[in-house]
Amino acid sequence: MRNLTSYSNNNVTSCTNGWVYDTTGSSIVTEFNLVCDDSWKLDLFQSFVNFGFFLGSLFIGYIADRFGRKPCLLISLLVTAIFGVLVAFAPTYPWLVTFRFIQGLVSKGSWLSGYILVAEFVGLDHRRTVGIVYQVAFTVGLLALAGAAYVITNWRWLQLAVTLPNFVFLTYYWCVPESPRWLLSQNQKNKAKEIIEHIAKKNKKPIPHTLQSLTANEDTGEKQIPSFKDLFRTPQIRKHTFILMYIWFTCAVIYQGLIMHMGSTGENIYLDFFIAAMVEFPAAYIIIVTVDRIGRRYPWAVGCFVTSLACLVTAFIPEGLQWLRVTLGCLSRMGITLSYEMICLVNAELYPTFIRNLGIMVCSSMCDLGGIITPFIVYRLSNVWKELPLIVFAVIGTLSAVLVLFLS
(Lines give C-alpha, C1' and ligand atoms only; values in the text may rest on other atoms or scores of the structure.)
Protein backbone atom coordinates (compact mmCIF):
# COMPACT_ATOMS: atom_id res chain seq x y z
CA MET A 1 0.00 0.00 0.00
CA ARG A 2 1.61 3.35 -1.04
CA ASN A 3 1.59 5.93 1.69
CA LEU A 4 1.78 9.68 1.36
CA THR A 5 2.58 12.74 3.38
CA SER A 6 4.14 16.13 2.80
CA TYR A 7 7.11 17.50 4.65
CA SER A 8 9.24 20.57 4.86
CA ASN A 9 12.96 20.47 5.48
CA ASN A 10 13.26 20.86 9.25
CA ASN A 11 16.75 20.32 10.62
CA VAL A 12 17.20 19.30 14.24
CA THR A 13 18.68 22.39 15.91
CA SER A 14 17.87 24.67 18.78
CA CYS A 15 16.02 27.95 18.19
CA THR A 16 17.46 30.31 20.73
CA ASN A 17 15.53 33.31 19.40
CA GLY A 18 12.21 31.61 18.68
CA TRP A 19 10.72 31.25 15.21
CA VAL A 20 8.25 32.78 12.76
CA TYR A 21 6.26 30.72 10.22
CA ASP A 22 6.49 32.08 6.69
CA THR A 23 3.48 30.18 5.39
CA THR A 24 -0.26 30.45 4.90
CA GLY A 25 -2.85 28.18 6.39
CA SER A 26 -2.29 25.66 9.17
CA SER A 27 -0.41 22.36 9.38
CA ILE A 28 0.54 19.98 12.17
CA VAL A 29 3.99 21.59 12.05
CA THR A 30 2.72 25.10 12.73
CA GLU A 31 -0.02 24.09 15.18
CA PHE A 32 2.09 21.80 17.34
CA ASN A 33 5.40 23.63 16.68
CA LEU A 34 7.23 20.61 15.27
CA VAL A 35 10.35 22.59 14.45
CA CYS A 36 13.89 23.01 15.74
CA ASP A 37 14.44 20.65 18.71
CA ASP A 38 11.01 19.07 18.11
CA SER A 39 11.29 18.58 14.34
CA TRP A 40 11.98 14.86 14.88
CA LYS A 41 8.37 14.53 16.05
CA LEU A 42 7.27 15.05 12.44
CA ASP A 43 9.34 12.03 11.42
CA LEU A 44 7.87 10.10 14.35
CA PHE A 45 4.31 11.01 13.30
CA GLN A 46 4.75 9.41 9.87
CA SER A 47 6.69 6.47 11.30
CA PHE A 48 3.85 5.66 13.70
CA VAL A 49 1.41 5.48 10.78
CA ASN A 50 3.62 2.93 9.06
CA PHE A 51 4.16 1.11 12.35
CA GLY A 52 0.39 0.73 12.48
CA PHE A 53 0.41 -0.61 8.92
CA PHE A 54 3.12 -3.08 9.92
CA LEU A 55 1.29 -4.45 12.97
CA GLY A 56 -2.00 -4.54 11.06
CA SER A 57 -0.35 -6.63 8.36
CA LEU A 58 0.27 -9.38 10.90
CA PHE A 59 -3.41 -10.04 11.58
CA ILE A 60 -5.61 -8.35 8.94
CA GLY A 61 -4.38 -10.64 6.18
CA TYR A 62 -5.22 -13.65 8.32
CA ILE A 63 -8.69 -12.24 9.09
CA ALA A 64 -9.41 -11.72 5.39
CA ASP A 65 -8.32 -15.26 4.51
CA ARG A 66 -10.02 -16.80 7.53
CA PHE A 67 -13.33 -14.91 7.68
CA GLY A 68 -13.70 -13.40 4.20
CA ARG A 69 -12.69 -10.43 2.09
CA LYS A 70 -15.94 -8.52 2.49
CA PRO A 71 -16.08 -8.39 6.32
CA CYS A 72 -12.44 -7.34 6.41
CA LEU A 73 -13.11 -4.59 3.86
CA LEU A 74 -16.13 -3.15 5.68
CA ILE A 75 -14.62 -3.26 9.17
CA SER A 76 -11.42 -1.64 7.91
CA LEU A 77 -13.37 1.14 6.21
CA LEU A 78 -15.44 1.84 9.32
CA VAL A 79 -12.50 2.01 11.73
CA THR A 80 -10.45 4.06 9.26
CA ALA A 81 -13.28 6.57 8.94
CA ILE A 82 -13.89 6.88 12.69
CA PHE A 83 -10.26 7.42 13.63
CA GLY A 84 -9.69 9.65 10.61
CA VAL A 85 -12.30 12.01 12.05
CA LEU A 86 -10.70 11.75 15.49
CA VAL A 87 -7.36 12.76 13.94
CA ALA A 88 -8.99 15.94 12.65
CA PHE A 89 -10.12 16.81 16.20
CA ALA A 90 -6.98 15.68 18.05
CA PRO A 91 -6.33 18.27 20.80
CA THR A 92 -2.65 17.47 21.41
CA TYR A 93 0.29 15.88 19.60
CA PRO A 94 0.17 12.61 21.64
CA TRP A 95 -3.51 12.16 20.78
CA LEU A 96 -2.76 12.97 17.14
CA VAL A 97 -0.11 10.23 16.97
CA THR A 98 -2.34 7.75 18.83
CA PHE A 99 -5.36 8.22 16.55
CA ARG A 100 -3.19 8.09 13.44
CA PHE A 101 -1.52 4.91 14.66
CA ILE A 102 -4.88 3.17 15.20
CA GLN A 103 -6.02 4.35 11.78
CA GLY A 104 -2.88 2.83 10.30
CA LEU A 105 -3.61 -0.50 12.00
CA VAL A 106 -6.67 -1.10 9.84
CA SER A 107 -6.57 1.21 6.83
CA LYS A 108 -4.26 -1.06 4.87
CA GLY A 109 -6.86 -3.82 5.19
CA SER A 110 -9.40 -1.85 3.15
CA TRP A 111 -6.94 -1.32 0.30
CA LEU A 112 -5.79 -4.93 0.22
CA SER A 113 -9.23 -6.52 0.65
CA GLY A 114 -10.54 -4.38 -2.20
CA TYR A 115 -7.60 -5.36 -4.41
CA ILE A 116 -8.05 -9.05 -3.72
CA LEU A 117 -11.80 -8.82 -4.30
CA VAL A 118 -11.48 -7.29 -7.76
CA ALA A 119 -8.65 -9.69 -8.65
CA GLU A 120 -10.68 -12.74 -7.64
CA PHE A 121 -13.88 -11.64 -9.34
CA VAL A 122 -12.34 -11.77 -12.80
CA GLY A 123 -10.67 -14.55 -14.73
CA LEU A 124 -6.93 -14.85 -15.16
CA ASP A 125 -7.10 -13.21 -18.59
CA HIS A 126 -8.50 -9.98 -17.15
CA ARG A 127 -6.85 -9.94 -13.72
CA ARG A 128 -3.86 -7.98 -14.97
CA THR A 129 -5.90 -5.14 -16.46
CA VAL A 130 -8.32 -4.92 -13.55
CA GLY A 131 -5.46 -4.93 -11.03
CA ILE A 132 -3.64 -2.11 -12.81
CA VAL A 133 -6.80 -0.02 -13.16
CA TYR A 134 -7.35 -0.47 -9.42
CA GLN A 135 -3.85 0.93 -8.82
CA VAL A 136 -4.47 3.82 -11.22
CA ALA A 137 -7.30 4.92 -8.93
CA PHE A 138 -4.60 5.62 -6.33
CA THR A 139 -2.90 7.98 -8.77
CA VAL A 140 -6.20 9.77 -9.41
CA GLY A 141 -6.47 10.19 -5.66
CA LEU A 142 -3.02 11.76 -5.54
CA LEU A 143 -4.03 14.32 -8.15
CA ALA A 144 -7.22 15.09 -6.23
CA LEU A 145 -5.23 15.41 -3.02
CA ALA A 146 -2.85 17.91 -4.60
CA GLY A 147 -5.82 20.06 -5.63
CA ALA A 148 -7.57 19.67 -2.28
CA ALA A 149 -4.42 20.58 -0.34
CA TYR A 150 -3.95 23.68 -2.49
CA VAL A 151 -7.52 24.86 -1.84
CA ILE A 152 -7.93 23.70 1.78
CA THR A 153 -5.00 25.21 3.65
CA ASN A 154 -6.12 24.16 7.13
CA TRP A 155 -4.91 20.64 7.90
CA ARG A 156 -7.92 19.75 10.07
CA TRP A 157 -10.42 20.58 7.33
CA LEU A 158 -8.25 18.76 4.80
CA GLN A 159 -8.19 15.70 7.06
CA LEU A 160 -11.99 15.72 7.22
CA ALA A 161 -12.25 16.16 3.45
CA VAL A 162 -10.21 13.02 2.75
CA THR A 163 -11.78 10.99 5.59
CA LEU A 164 -15.55 11.48 5.31
CA PRO A 165 -15.90 9.63 1.96
CA ASN A 166 -14.98 6.44 3.83
CA PHE A 167 -18.42 6.48 5.46
CA VAL A 168 -20.01 6.46 1.98
CA PHE A 169 -17.99 3.36 1.11
CA LEU A 170 -19.83 1.46 3.84
CA THR A 171 -22.72 1.18 1.36
CA TYR A 172 -20.60 -1.55 -0.26
CA TYR A 173 -22.31 -3.85 2.25
CA TRP A 174 -25.34 -3.93 -0.07
CA CYS A 175 -23.64 -3.90 -3.46
CA VAL A 176 -20.37 -5.85 -3.11
CA PRO A 177 -20.64 -9.64 -2.66
CA GLU A 178 -18.09 -11.95 -1.10
CA SER A 179 -15.38 -13.40 -3.32
CA PRO A 180 -16.62 -16.64 -4.95
CA ARG A 181 -13.04 -17.89 -5.07
CA TRP A 182 -12.65 -17.46 -1.33
CA LEU A 183 -15.97 -19.21 -0.72
CA LEU A 184 -14.82 -22.11 -2.86
CA SER A 185 -11.53 -22.33 -0.97
CA GLN A 186 -13.64 -22.61 2.21
CA ASN A 187 -15.79 -25.35 0.64
CA GLN A 188 -18.87 -23.08 0.59
CA LYS A 189 -19.86 -24.01 -2.94
CA ASN A 190 -23.57 -23.22 -2.58
CA LYS A 191 -22.93 -19.62 -1.49
CA ALA A 192 -20.41 -19.21 -4.31
CA LYS A 193 -22.94 -20.54 -6.79
CA GLU A 194 -25.60 -18.06 -5.61
CA ILE A 195 -23.22 -15.14 -6.13
CA ILE A 196 -22.20 -16.41 -9.57
CA GLU A 197 -25.83 -16.81 -10.61
CA HIS A 198 -26.60 -13.27 -9.43
CA ILE A 199 -23.66 -11.84 -11.35
CA ALA A 200 -24.62 -13.77 -14.47
CA LYS A 201 -28.19 -12.47 -14.23
CA LYS A 202 -27.05 -8.85 -13.85
CA ASN A 203 -24.69 -9.19 -16.80
CA LYS A 204 -27.34 -11.02 -18.83
CA LYS A 205 -24.97 -13.91 -19.37
CA PRO A 206 -25.69 -17.64 -19.28
CA ILE A 207 -24.95 -19.33 -15.99
CA PRO A 208 -21.78 -21.44 -16.25
CA HIS A 209 -22.29 -25.17 -16.02
CA THR A 210 -19.25 -25.56 -13.81
CA LEU A 211 -17.38 -23.46 -11.31
CA GLN A 212 -14.06 -24.77 -12.55
CA SER A 213 -13.17 -21.53 -14.33
CA LEU A 214 -13.39 -19.71 -11.01
CA THR A 215 -11.08 -22.00 -9.08
CA ALA A 216 -7.33 -21.92 -9.12
CA ASN A 217 -5.50 -25.12 -9.99
CA GLU A 218 -4.27 -25.49 -6.45
CA ASP A 219 -7.73 -25.31 -4.85
CA THR A 220 -9.20 -28.53 -3.52
CA GLY A 221 -12.61 -29.65 -2.38
CA GLU A 222 -11.58 -29.41 1.26
CA LYS A 223 -11.72 -26.34 3.44
CA GLN A 224 -8.24 -24.83 3.66
CA ILE A 225 -7.13 -22.91 6.74
CA PRO A 226 -4.43 -20.27 6.15
CA SER A 227 -1.21 -20.48 8.16
CA PHE A 228 1.94 -18.38 8.30
CA LYS A 229 3.90 -21.59 7.80
CA ASP A 230 2.38 -21.96 4.34
CA LEU A 231 4.39 -18.92 3.20
CA PHE A 232 7.65 -20.79 3.87
CA ARG A 233 6.59 -24.42 3.47
CA THR A 234 8.28 -25.19 0.12
CA PRO A 235 11.62 -23.91 -1.25
CA GLN A 236 9.88 -22.16 -4.16
CA ILE A 237 7.31 -20.31 -2.05
CA ARG A 238 10.00 -19.53 0.53
CA LYS A 239 12.18 -17.93 -2.15
CA HIS A 240 9.25 -15.92 -3.46
CA THR A 241 8.34 -14.73 0.04
CA PHE A 242 11.82 -13.45 0.91
CA ILE A 243 12.37 -11.73 -2.45
CA LEU A 244 8.95 -10.09 -2.41
CA MET A 245 9.47 -8.89 1.15
CA TYR A 246 12.67 -7.10 0.18
CA ILE A 247 11.15 -5.55 -2.96
CA TRP A 248 8.13 -4.32 -0.98
CA PHE A 249 10.59 -2.72 1.46
CA THR A 250 12.49 -1.06 -1.37
CA CYS A 251 9.35 0.22 -3.07
CA ALA A 252 8.18 1.95 0.10
CA VAL A 253 11.53 3.53 0.90
CA ILE A 254 12.05 4.89 -2.61
CA TYR A 255 8.43 5.90 -3.34
CA GLN A 256 7.84 7.70 -0.06
CA GLY A 257 11.42 8.90 0.03
CA LEU A 258 11.13 10.60 -3.36
CA ILE A 259 7.99 12.43 -2.21
CA MET A 260 9.65 13.56 1.01
CA HIS A 261 12.84 14.58 -0.76
CA MET A 262 10.81 16.56 -3.27
CA GLY A 263 9.03 18.32 -0.41
CA SER A 264 12.33 19.40 1.13
CA THR A 265 14.05 20.48 -2.11
CA GLY A 266 11.24 21.48 -4.51
CA GLU A 267 10.35 25.07 -5.33
CA ASN A 268 6.56 24.66 -5.66
CA ILE A 269 5.40 21.66 -3.65
CA TYR A 270 1.87 21.61 -5.12
CA LEU A 271 2.98 21.84 -8.75
CA ASP A 272 5.89 19.43 -8.33
CA PHE A 273 3.63 16.94 -6.56
CA PHE A 274 0.99 17.21 -9.30
CA ILE A 275 3.52 16.69 -12.11
CA ALA A 276 5.16 13.76 -10.32
CA ALA A 277 1.77 12.12 -9.82
CA MET A 278 0.88 12.56 -13.49
CA VAL A 279 3.82 10.41 -14.62
CA GLU A 280 2.29 7.45 -12.78
CA PHE A 281 -0.23 7.05 -15.61
CA PRO A 282 2.45 6.13 -18.19
CA ALA A 283 3.76 3.53 -15.71
CA ALA A 284 0.37 1.81 -15.68
CA TYR A 285 0.15 1.98 -19.48
CA ILE A 286 3.60 0.42 -19.87
CA ILE A 287 2.57 -2.52 -17.71
CA ILE A 288 -0.65 -3.11 -19.64
CA VAL A 289 1.17 -2.99 -22.99
CA THR A 290 4.24 -5.04 -22.11
CA VAL A 291 3.27 -7.56 -19.47
CA ASP A 292 1.65 -10.07 -21.82
CA ARG A 293 4.15 -9.54 -24.63
CA ILE A 294 7.36 -9.55 -22.61
CA GLY A 295 6.33 -10.94 -19.24
CA ARG A 296 6.47 -9.63 -15.71
CA ARG A 297 10.12 -9.80 -14.80
CA TYR A 298 11.92 -7.81 -17.48
CA PRO A 299 9.75 -4.64 -17.50
CA TRP A 300 9.77 -4.80 -13.71
CA ALA A 301 13.57 -5.10 -13.50
CA VAL A 302 14.00 -2.25 -16.01
CA GLY A 303 11.68 -0.05 -13.93
CA CYS A 304 13.78 -0.67 -10.80
CA PHE A 305 17.02 -0.02 -12.67
CA VAL A 306 15.75 3.19 -14.30
CA THR A 307 14.67 4.48 -10.90
CA SER A 308 18.08 3.72 -9.42
CA LEU A 309 19.96 5.34 -12.29
CA ALA A 310 17.77 8.46 -12.22
CA CYS A 311 18.29 8.85 -8.47
CA LEU A 312 22.05 8.44 -8.83
CA VAL A 313 22.34 10.99 -11.63
CA THR A 314 20.06 13.49 -9.86
CA ALA A 315 22.32 13.48 -6.81
CA PHE A 316 25.13 15.07 -8.84
CA ILE A 317 23.15 17.63 -10.88
CA PRO A 318 23.95 21.28 -10.02
CA GLU A 319 21.24 23.38 -8.40
CA GLY A 320 20.92 25.65 -11.44
CA LEU A 321 19.57 22.85 -13.65
CA GLN A 322 16.22 22.56 -11.87
CA TRP A 323 14.40 21.49 -15.05
CA LEU A 324 16.73 18.49 -15.39
CA ARG A 325 16.25 17.56 -11.73
CA VAL A 326 12.47 17.67 -12.17
CA THR A 327 12.68 15.57 -15.35
CA LEU A 328 14.81 12.89 -13.69
CA GLY A 329 12.57 13.06 -10.63
CA CYS A 330 9.58 12.27 -12.83
CA LEU A 331 11.49 9.42 -14.47
CA SER A 332 12.42 7.90 -11.12
CA ARG A 333 8.82 8.33 -9.89
CA MET A 334 7.52 6.54 -12.99
CA GLY A 335 9.96 3.68 -12.53
CA ILE A 336 9.17 3.08 -8.87
CA THR A 337 5.44 3.34 -9.58
CA LEU A 338 5.82 0.64 -12.22
CA SER A 339 7.59 -1.51 -9.64
CA TYR A 340 4.89 -0.83 -7.03
CA GLU A 341 2.06 -1.78 -9.37
CA MET A 342 3.91 -4.81 -10.68
CA ILE A 343 4.59 -6.24 -7.24
CA CYS A 344 0.90 -5.93 -6.34
CA LEU A 345 0.03 -7.90 -9.47
CA VAL A 346 2.72 -10.57 -9.15
CA ASN A 347 2.34 -11.02 -5.39
CA ALA A 348 -1.31 -11.95 -5.89
CA GLU A 349 -0.40 -14.41 -8.65
CA LEU A 350 2.34 -16.26 -6.78
CA TYR A 351 0.18 -17.48 -3.89
CA PRO A 352 -2.80 -19.86 -3.91
CA THR A 353 -6.25 -18.51 -3.06
CA PHE A 354 -6.45 -19.67 0.55
CA ILE A 355 -3.25 -17.77 1.56
CA ARG A 356 -3.35 -15.00 -1.07
CA ASN A 357 -4.43 -12.24 1.32
CA LEU A 358 -2.08 -13.48 4.02
CA GLY A 359 0.81 -13.71 1.57
CA ILE A 360 0.38 -10.16 0.33
CA MET A 361 -0.09 -8.76 3.82
CA VAL A 362 3.00 -10.46 5.24
CA CYS A 363 5.20 -9.54 2.28
CA SER A 364 3.87 -5.99 2.13
CA SER A 365 4.49 -5.59 5.86
CA MET A 366 8.08 -4.91 4.80
CA CYS A 367 6.66 -1.96 2.88
CA ASP A 368 5.42 -0.63 6.21
CA LEU A 369 8.78 -1.26 7.85
CA GLY A 370 10.33 0.75 5.04
CA GLY A 371 7.82 3.51 5.67
CA ILE A 372 8.81 3.61 9.34
CA ILE A 373 12.48 4.33 8.64
CA THR A 374 12.07 6.43 5.46
CA PRO A 375 11.51 9.79 7.23
CA PHE A 376 14.70 9.27 9.18
CA ILE A 377 16.62 8.22 6.05
CA VAL A 378 15.50 11.31 4.16
CA TYR A 379 15.78 14.01 6.80
CA ARG A 380 18.61 12.78 8.97
CA LEU A 381 20.85 11.80 6.04
CA SER A 382 20.00 15.11 4.38
CA ASN A 383 21.69 16.82 7.31
CA VAL A 384 24.91 15.06 6.30
CA TRP A 385 24.50 15.74 2.57
CA LYS A 386 21.25 16.84 0.96
CA GLU A 387 21.51 14.30 -1.87
CA LEU A 388 22.70 11.35 0.24
CA PRO A 389 19.18 9.80 0.41
CA LEU A 390 19.19 9.54 -3.40
CA ILE A 391 22.39 7.49 -3.25
CA VAL A 392 20.72 5.12 -0.78
CA PHE A 393 17.69 4.82 -3.10
CA ALA A 394 19.99 4.00 -6.03
CA VAL A 395 21.76 1.19 -4.14
CA ILE A 396 18.69 -0.59 -2.77
CA GLY A 397 16.82 -0.12 -6.08
CA THR A 398 19.61 -1.77 -8.05
CA LEU A 399 19.52 -4.81 -5.77
CA SER A 400 15.75 -5.02 -6.31
CA ALA A 401 16.28 -5.05 -10.08
CA VAL A 402 18.59 -8.05 -9.70
CA LEU A 403 16.29 -9.96 -7.34
CA VAL A 404 13.28 -9.51 -9.64
CA LEU A 405 15.02 -11.71 -12.20
CA PHE A 406 15.04 -14.61 -9.70
CA LEU A 407 11.23 -14.68 -9.48
CA SER A 408 9.56 -17.32 -11.62
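Residues numbered from 1 in each chain as written. Predicted model: local features only at pLDDT ≥ 70, side-chain atom pairs only at ≥ 80, totals over all residues. Heavy atoms only, no water.

An unreviewed UniProt entry annotates the protein chain as Major facilitator superfamily (MFS) profile domain-containing protein originating from Staurois parvus. Heading Subcellular location (unreviewed entry) of the UniProt record for the protein chain holds this comment: "Membrane". (UniProt positions renumbered as here; feature names shortened; annotations may be inferred.)

Some details on a nonpolar patch on the surface
Residues Phe-305, Leu-309, Leu-312, Val-313, Phe-316, Val-384 and Trp-385 make up a contiguous nonpolar surface patch of roughly 690 Å² in combined accessible area. Take Trp-385: it is sitting in the loop between α16 (356-384) and α17 (388-404). According to the relative accessible area criterion, Trp-385 is partly exposed, its value standing at 37%. (Patch = residues over 30% accessible without salt bridge, like charges linked within 9 Å, V, L, I, M, F, W, Y side chains within 5 Å. Areas by Shrake-Rupley, 256 points an atom, 1.4 Å probe, with all protein chains shown as cover. Salt bridge = Lys/Arg side-chain N within 4 Å of Asp/Glu carboxyl O. Helix = DSSP H or I, 4+ residues; strand = E, 2+ residues; numbered from the N terminus. Buried < 20%, exposed > 50% of the residue type's maximum accessible area, 1.4 Å probe, protein only.)

So, the packing of aromatic side chains
Geometry of an aromatic ring pair is reported as the spacing of the ring centres plus the angle between the planes. Counted under the stated rule, the structure contains 15 aromatic pairs. Centre to centre, the rings of Phe-83 and Phe-99 are 6.3 Å apart; their planes meet at 55 degrees, and the pair counts as tilted. Taken as a pair, Phe-83 in helix α3 (residues 69-88) and Phe-99 in helix α4 (residues 93-121) lie far apart in primary sequence, 16 residues in all. The class for Phe-83 is buried, based on a relative accessible area of 19%. Note on Phe-99: relative accessible area 12%, which makes it buried. Centre to centre, the rings of Phe-316 and Trp-385 are 5.9 Å apart; their planes meet at 50 degrees, and the pair counts as tilted. (Phe/Tyr/Trp six-rings, centres within 6.5 Å; stacked < 30°, edge-to-face > 60°.)

What to know about helix α2 (residues 40-67)
Taking 1.5 Å per residue, 28 residues should reach 40 Å; α2 reaches 40 Å between its end C-alpha atoms and fits that length. Along its length, α2 reaches its greatest deviation from straightness, about 45 degrees, at Ser-57. Immediately downstream of α2, the backbone of Gly-68 shows phi near 120 degrees, a positive value. (Expected span 1.5 Å × (residues − 1). Bend = angle between axes of the 7 residues up to and from the residue.)

Observations regarding the pattern of salt bridges
Across all of its chains, the model carries 5 salt bridges by this definition. Residues Glu-31 and Arg-156 are paired through a salt bridge, measuring 2.4 Å at the closest nitrogen-oxygen approach. Of this pair, Glu-31 sits in helix α1 (residues 28-32) while Arg-156 sits in helix α6 (residues 155-163), and the two are 125 residues apart along the sequence.

Some remarks on the nonpolar core
Core analysis: the largest hydrophobic core is formed by 74 residues, its most contacted members being Leu-244, Ile-247, Trp-248, Trp-300, Met-342 and Phe-393. Sort the elements by how many residues they give to this core and helix α11 (residues 235-265) lands first, with 16 residues. Grouped together as the second largest cluster of nonpolar side chains are 16 residues, Leu-34, Leu-42, Ala-90 and Trp-155 included. (Core = buried A, V, L, I, M, F, W, Y, C linked by side-chain atoms within 4.5 Å.)

Quick notes on the packing of α3 against α6
In the contact formed by α3 and α6, the axes pass within 8 Å of each other and the chain directions differ by 170 degrees. One way to sum up the angle between α3 and α6 is to call them roughly antiparallel. Only Trp-155, Arg-156, Gln-159, Leu-160 and Thr-163 of α6 make contact with α3, whose side of the interface consists of Thr-80, Ala-81, Gly-84, Val-85, Val-87 and Ala-88. Class assignment of the residues belonging to the contact of α3 with α6 gives a composition of 6 nonpolar, 4 polar and 1 charged. (Axes fitted to C-alpha atoms, helices over the stretch in contact; angles between N-to-C directions. Parallel < 35°, antiparallel > 145°, perpendicular 65-115°, else oblique. Contact = heavy atoms within 4.5 Å. Nonpolar A, V, L, I, M, F, W, Y, C, P; charged D, E, K, R; others polar.)

A short note on unusual backbone geometry
Residue Asn-187 is not a glycine yet carries a positive backbone phi of 60 degrees. Examined against the element boundaries, Asn-187 turns out to sit in the loop between α9 (180-185) and α10 (189-202).

Quick notes on the packing of α2 against α4
Running from amino to carboxyl end, α2 crosses α4 at an angle of 40 degrees, the nearest separation of the two axes being 7 Å. Classified by the angle between their axes, α2 and α4 sit oblique to one another. Crossing of α2 over α4 shows right-handed handedness. (Left-handed = near helix turned anticlockwise from the far one by under 90°.)

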